[in-house]
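Inside the fold
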Amino acid sequence: MKRFNKYTLYEISAPLIGFVASMLILLVIVIIVGENPGTATDAIWKMTFASSTRTATILSTAVPEFLAGLAAAFAFRANIFNIGVEGQYFVGGLVGALAGIYVPLPAWLHLPFVVIAAMVGGALWTAIPAALKVSRGIHEVITTIMFNNIALALVNYLVNGPLSGIGAGGSLEPQTKHILPTALFGNINGLFRAVGWNVPDSVYLDYSLPVAILAGVVVWFILFRLRIGFDVRAIGTSTDVALYAGINVGRTQLWAFIFSGALAGLIGLQEIFAVRGYYTFQIASGLGFDGIAIALIGRNSPIGVVFAALLFAFLRQAGYGLQFFTKVPNSVISVITGLMILIIVVTSELVSRYIKALRKKEAM
Amino acid sequence: MDLSTLLDYVFKGLDTSAPIAFAALGGVFSEKSGVVNIALEGGMLFSAFSIVWGSIAFHSLWWGLLFAVIIGMAFAAIHAVVTVTYKVNQIVSGVALNILAEGVARFLSQNIFGQETQSAMNPYAFPTYRGMNIFALALIPITAISWFVLNKTVFGLRLRSVGENPEAADTLGINVTLMRYSGVLISGAMCGLSAAVLYPSRWVSGMTGGRGFIALAAMIFGRWSPIGAVLASLLFGYADTARIMFESKIQIPSQFVQMFPYVLAVVVLGGLVGKARAPAADGLPYEKGED
């Protein structure tokens, strides 16, 4: 076990400082816009913690954000910038949806089947960028950006063309056929009500929540309890050191990259299987980039990503609160999110310099 | 295809390509100095807002352009401070700046124009010829100047040297920090020029639509050379224009035309023309006297 010492304390200080500083900046912006800080805090409170509906909404919003963060964080751990999470969940979601539409199975088998199909879809979409990186040294940032664009065009074509199910639901919006009832994600709101948390049925707390928790546990287990996880973390610390230690860097990165894509495949589950019940290329976009920010704020640890995803979901609700009840525009949330990341990374750089100096001093 | 359509295609294509090409040139300067700048997207978006804002505020398009260039440089300066001075991971800083730029532009739009998603109409505009903003023609001299500065001047040599081997450059008395700041700031200025072609008559949230990232790809596709980067940008721009102009006339689904340049880029990068080599110290912060 890692000993909890003052260094650990210093290390977790950066995200805290980043959060507190960006909240102060938010207050300053509120004052500049000419709004009463009290009104603003009240507005945020109303949309976030004032009722169990709002709190449950935060939890629900955090599920896809967490999965996006987890996918990005796993790749970061292996020194890979997976900017392609965006395309991976569009393709993964489609493959999952196809498994839900065209493969009739009993529910107990169908549910895990669509989850695995979504992961396979995400993994397949990652395979080429991963192979190009490992075999040809082509930077993954470029190939994954290309693959994001290709993915969007591809799902657009498929949903409009061969897989179109227009008319199936009486909707004119381009979409696939409806997913079979055996594969739909039911809600587990009743479970929360049973333990005393009054969650209304309008909030989506569905099977994607346990899937996300399971994914988080699996990632933690791989990273900290398996040999491959040790290799991944060694590469993340320093590729050179990992090479000297005899780790097969190429193969490990290939595997980690593809696994990150598989995790990305899970991001769309909530919207496709619980909210919509069909696939469309109009599912929420931009989660891939959110995931990168969440991974950074959560310092690439599964636990950190949980907090960062909840923070993101909280900020989103806070933004709606400001928009509805005050003169402060919603965009202020993007402003402070960007600033928060910058403050966190600069602070943690300063902190690690300080720790380095401190260690040097103690060693003498 | 008749001559008139062909001419339309030539000029419209240049109009579509130029914003990507300017940003790609910016990327070349930044990466040649050793700093990866994925905040080109945010820089373009914020500059595009600034040129509309500046033109309206100063009642002049040229002042608006100057303003956009300065804002682009100021925005890039944040990237330089964070990555060169504080040595924070360059991609991380770029991701944060992209989020920040989008938020700041929307926030300012709300407070200046009363609408979060778009600005007021900008009455000042460059004249157009067959659908091409004539400022796109500035791409030709700017490309030539970029090539000249990078390959034929002392400044260019120094800039490239800190991107290849900062230790050696430092030993020779070249100021690594100064050179890297220059590279990043030039990329910010290029975002300003890119905005001058990009903006139609008003700023709209999300109007850059990933062009900054395409510019990065064009830069790598063009192997970090100014001319290569511009040629790759033209490929992306003309393919996209073909999709928009001839969508109804061709038999293949438009989505395949849309993905063509990206697939081509992956295929080319993947092996047809050999390994593209980045500047050796690209992406690495420089620690003076690191043991």
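Conventions used here
Residues numbered from 1 in each chain as written. Chains lettered and ligands numbered in written order. Predicted model: local features only at pLDDT ≥ 70, side-chain atom pairs only at ≥ 80, totals over all residues. Helix = DSSP H or I, 4+ residues; strand = E, 2+ residues; numbered from the N terminus. Rg over C-alpha atoms; globule rule 2.2 N^0.38 Å. Buried ≥ 20, exposed ≤ 12 C-beta atoms within 10 Å, placed from the backbone. Contact = placed C-beta atoms within 7 Å. Nonpolar A, V, L, I, M, F, W, Y, C, P; charged D, E, K, R; others polar. pLDDT = per-residue confidence, 0-100. Expected span 1.5 Å × (residues − 1). Axes fitted to C-alpha atoms, helices over the stretch in contact; angles between N-to-C directions. Parallel < 35°, antiparallel > 145°, perpendicular 65-115°, else oblique. Left-handed = near helix turned anticlockwise from the far one by under 90°. Core = buried A, V, L, I, M, F, W, Y, C linked by C-beta atoms within 7 Å.

Remarks on the overall build of chain A
Along the backbone of chain A there are 15 helices and zero strands. The C-alpha atoms of chain A give a radius of gyration of 22 Å, which matches the 21 Å a tight globule of 364 residues would have. Dimensions of chain A along its principal axes, counting C-alpha atoms only, are 75 × 60 × 40 Å. Looking at chain A residue by residue over its 364 residues, the buried ones come to 52%.

Considerations on the interface of chain A and chain B
The partner chain B presents 38 residues to the 36 residues of chain A that form the contact. Contributions of two or more residues to the side of chain A that touches chain B are made by α5 (107–136), α6 (140–160), α13 (287–297) and α15 (332–363) of chain A. Grouping the constituent residues of the side of chain A that touches chain B by class yields 24 nonpolar, ten polar and two charged.

A short note on the confidence of the model for chain B
Residues and elements named next belong to chain B. Of all residues in chain B, 97% attain a pLDDT of 70 or more, and the chain-wide mean is 90. The secondary-structure element of chain B with the lowest mean pLDDT is helix α11 (residues 254–272), recorded at 79, while helix α5 (residues 139–152) shows the highest, at 97. Complex prediction metrics read pTM 0.89 and ipTM 0.87.

Brief notes about α13 of chain A
Residue and element names in this part refer to chain A. Of all the eleven residues making up α13, ten are buried; the element is thus mostly covered by neighbouring parts of the structure. Within α13, the full set of buried residues consists of Leu287, Gly288, Asp290, Gly291, Ile292, Ala293, Ile294, Ala295, Leu296 and Ile297. Looking one or two residues beyond α13, the residue adopting positive phi is arginine 299, at roughly 50 degrees.

Some thoughts on unusual backbone geometry
Residues and elements named next belong to chain B. Positioned with a positive phi, arginine 223 is a non-glycine residue whose angle comes to about 50 degrees. Checked against the element boundaries, arginine 223 lands in the loop between α9 (211–221) and α10 (226–246). Assessed through the 18 C-beta atoms surrounding it within 10 Å, arginine 223 is described here as partly exposed.

So, the environment of valine 134 of chain A
Residues and elements named next belong to chain A. By the element assignment, valine 134 lies in helix α5. Given 19 C-beta atoms within 10 Å, valine 134 falls into the partly exposed group. In sequence terms valine 134 and glycine 93 are 41 residues apart; their C-alpha atoms lie 26 Å from each other. In contact with valine 134, other than residues within four places in its own chain, are Gly250, Gln253 and Leu254.

A few points about the environment of isoleucine 344 of chain A
Looking at the element boundaries, isoleucine 344 of chain A is found in helix α15. On a C-alpha basis, the gap between isoleucine 344 of chain A and proline 15 of chain A in space is 5.4 Å, while along the polypeptide they are 329 residues apart.

A short note on helix α4 (residues 85–102) of chain A
Side chains of residues three or four places apart in an α-helix project in the same direction, reflecting 3.6 residues per turn. The end-to-end C-alpha separation of α4 of chain A is 25 Å, in line with the 26 Å expected for 18 residues at 1.5 Å each. With 17 of 18 residues buried, α4 of chain A is to be regarded as a mostly interior element.

Digging into the packing of helix α3 (residues 52–77) of chain A against helix α14 (residues 302–325) of chain A
Residue and element names in this part refer to chain A. Running from N to C, α3 and α14 point in directions that differ by 135 degrees, and their axes come no closer than 7 Å. Of the possible angle classes, the one that applies to α3 and α14 is oblique. You can see that α3 and α14 cross each other, and the crossing is right-handed. Contacts between α3 and α14 involve Arg54, Thr57, Ile58, Thr61, Ala62, Glu65, Phe66, Gly69, Leu70 and Ala73 on the former and, on the latter, Pro302, Val305, Val306, Ala308, Ala309, Leu310, Phe312, Ala313, Phe314, Arg316 and Gln317. Here the contact of α3 with α14 is built from residues that sort into 14 nonpolar, four polar and three charged.

Focus on the nonpolar core
Core analysis: the largest hydrophobic core is formed by 212 residues, its most contacted members being Leu67 of chain A together with Ala24, Ala217 and Ala218 of chain B. A per-element tally of this core places α3 of chain A first, with 14 residues. Each residue touching alanine 217 of chain B, except ones within four places of it in the same chain, is listed here: Ile142, Ile145 and Met146 of chain A together with Ala265 of chain B. Core analysis: the second largest hydrophobic core is formed by six residues, Val162, Ala169, Val176 and Met179 of chain B among them.

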